[in-house]
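A closer look at the structure
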Amino acid sequence: QIWIKSERWRYILHLQGHKLKHLDALWIYLSSLYLGAITPGRLGDFTQAIYLKNAKITSISRGISGVLVDRAYDFYFLFLIAMFGLIATNLGPMSEVAGWLGIGVSLIFPLTVVQLIRNPRVGNFFSKVSLVKKIPENITEKFRQFNDGLRSIYGFGLFWLALWTLFGFLILFYQYYLIARAFHIPLSFLSLVPIISLTILISLIPITIAGIGTR
C-alpha cells in the first residue's frame, strides 16, 4: 500500500516534468511517513519537498504543490466514502442530510478548484496584489512556482491519480477487515469501509500526534 502511494506521488512529479527513480520515491515516502506520524495533522509529510530540493530535482514551492495534491486525493476519497457511510449507517437523524450535503460539496468542490487553478487571472491577481502590498519578489516567485506546480497537473493524469488512490485504499480497507476478522468483530467489508474512512479523517485533525486521542 505504501509503495502504491509512493508511485502515485512519483507520477505527480512526472506530470510536473520531474523525474524520480522508483526506489528513491519509496525511500523518500517512507521517511516522510515516519515524520508525518510524529507530527500533528501529518505535517511531516511535507518534508518530501525538502528531499526534492536537496536532490536538486525541483524547488520547495513546486515540491509542496505536489505533496498537497497527493494529500488532497487521500482526503477527497476518504471524505466521499465517509459521506456515503453517513447515509448507509444512519448514525443519527441528521446523518443522512449531512451525508448528501457532503456528497454534493465533494462533487462541486474539485471542479471549482481545478477551474481556479487553471484560470490565469488568479496568478495575475496575486501579482497585482504583491505590487500594491509591496510583497518581496522572492515570496512572489515562490507563489508562482507553487501555482505552476499545481497548473501542470491536469487532463487524463487526474484520472490515473484517482485510480492509484482507489487501489491503495482498497488494500488499506482490506487490511482493516482482516484485523476485524482476527478479533471476531462481526462487521462486513462494506460496513467497515465508511467507519474506517471517518476515523482516518478525524485523526487528521492536527490536535494530537499520530491521531491518538481523536481515534
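Predicted model, so just to flag it, every value in this text is computed and none were measured.

With that settled, the discussion passes to the nonpolar core. Residues Val69, Tyr73, Leu161, Phe169 and Phe173 are the most contacted members of the largest nonpolar core, which totals 26 residues. If you list the elements that add at least two residues to this core, you get α4 (60-89), α8 (156-182) and α9 (189-203). Broken down by element, this core gets its largest block of residues, 10 residues, from α4. For tyrosine 73, the residues in contact, after removing those within four places along its chain, are Arg8, Leu158, Leu161, Ala162 and Thr165. Among the nonpolar cores identified, the runner-up in size contains eight residues, and Leu13, Leu20, Ala25 and Leu52 belong to it.

Okay, helix α1 (residues 2-15) next. End to end, α1 covers 20 Å across 14 residues, agreeing with the expected 20 Å (1.5 Å per residue, within 8%). Listed as buried for α1 are Ile4, Ser6, Glu7, Arg8, Trp9, Ile12 and Leu13.

By the element assignment, leucine 187 lies in the loop between α8 and α9. The exposure class of leucine 187 is partly exposed, given its relative accessible area of 31%. Placed 10 residues apart in sequence, leucine 187 and tyrosine 177 show a C-alpha to C-alpha distance of 8.1 Å. Every residue in contact with leucine 187, bar those within four places of it in the chain, is listed here: Tyr177, Leu192 and Ile195.

Packing of α1 against helix α2 (residues 22-37) brings their axes to within 9 Å, and their N-to-C directions diverge by 110°. With respect to their mutual orientation, α1 and α2 come out roughly perpendicular. Of the two elements, α1 crosses α2, and the hand of that crossing is right-handed. For the pair α1 and α2, the contacting residues are Ile2, Trp3, Lys5, Ser6, Glu7, Arg8, Trp9 and Arg10 in the first and His22, Ala25, Leu26, Ile28, Tyr29, Leu30 and Leu33 in the second. Looking at the contact of α1 with α2 residue by residue, the class counts come to nine nonpolar, two polar and four charged.

Attention now goes to the packing of aromatic side chains. All told, the structure shown has 10 aromatic pairs when counted by the stated rule. Residues phenylalanine 169 and phenylalanine 173 carry aromatic rings whose centres are separated by 5.7 Å and whose planes lie at 15° to one another, so their mutual orientation is stacked. Highlighted residues: phenylalanine 169 and phenylalanine 173, both in helix α8, separated by four residues, approximately one helical turn. Owing to a relative accessible area of 5%, phenylalanine 169 belongs among the buried residues under this scheme. Looking at phenylalanine 173, the relative accessible area reads 3%, which means it is buried. Ring pairing ties together the aromatic residues Phe156, Phe159 and Trp160, which thus form one cluster.

What follows is about unusual backbone geometry. Its identity is not glycine, yet lysine 56 carries a phi of approximately 60°, on the positive side. Relative to the helices and strands, lysine 56 is located in the loop between α3 (47-54) and α4. Backbone geometry places histidine 184, a non-glycine residue, at a positive phi of 60°. Turning to its location among the elements, histidine 184 is positioned in the loop between α8 and α9.

Counted by the stated rule, this structure contains four salt bridges. Taking the shortest distance from any N to any O, the salt bridge between lysine 5 and aspartate 74 comes out at 3.1 Å. One end of the pair, lysine 5, is in helix α1; the other, aspartate 74, is in helix α4, and 69 residues separate them in sequence. Its salt-bridge partner being glutamate 7, residue arginine 10 comes within 3.5 Å of it at the nearest N-O pair. In this pair, arginine 10 and glutamate 7 both sit in helix α1, three residues apart, roughly one turn of the helix. Connected through shared salt-bridge partners, Lys5, Arg8, Asp70 and Asp74 make up one network.

Cut-offs applied
- The written sequence of each chain sets the order in which its residues are numbered from 1.
- It should be noted that, the model being predicted, local features are given only for residues of pLDDT at least 70 and side-chain atom pairs only at 80 or more, the latter also being counted only at that level, while totals for whole chains, interfaces and linings use all residues.
- To get the side-chain values, take all heavy atoms of the structure and skip hydrogens and water.
- What makes a nonpolar core is a set of buried Ala, Val, Leu, Ile, Met, Phe, Trp, Tyr and Cys residues whose side-chain atoms join them at distances within 4.5 Å.
- Accessibility here uses a 1.4 Å probe with only protein chains present; expressed as a share of the type maximum, an area under 20% marks a residue as buried, one over 50% as exposed, and anything in between as partly exposed.
- Where helices and strands are cited, they refer to DSSP runs of H or I of at least four residues and of E of at least two residues respectively, numbered from the N terminus.
- Only heavy atoms matter for contacts: two residues are in contact if any of them lie within 4.5 Å across the pair.
- Helix span is expected to be 1.5 Å times the residue number reduced by one.
- Fitted lines through C-alpha atoms give the axes, limited to the stretch in contact for helices. The angle between two N-to-C directions lies from 0 to 180 degrees.
- An angle below 35 degrees is read as roughly parallel, one above 145 as roughly antiparallel, one from 65 to 115 as roughly perpendicular, and any other as oblique.
- Crossing handedness is read from the near helix: turned anticlockwise from the far helix by less than a right angle, it gives a left-handed crossing, and turned clockwise, a right-handed one.
- When residues are grouped by polarity, Ala, Val, Leu, Ile, Met, Phe, Trp, Tyr, Cys and Pro land in nonpolar, Asp, Glu, Lys and Arg in charged, and all others, Gly among them, in polar.
- Note on aromatic contacts: the rings of Phe and Tyr and the six-membered ring of Trp form a pair at centre separations within 6.5 Å, being stacked when their planes are under 30 degrees apart, edge-to-face when over 60 apart, and tilted otherwise.
- Definition used for salt bridges: Asp or Glu carboxyl oxygen within 4 Å of a side-chain nitrogen of Lys or Arg.

The values are spatial; any link to function lies outside them.
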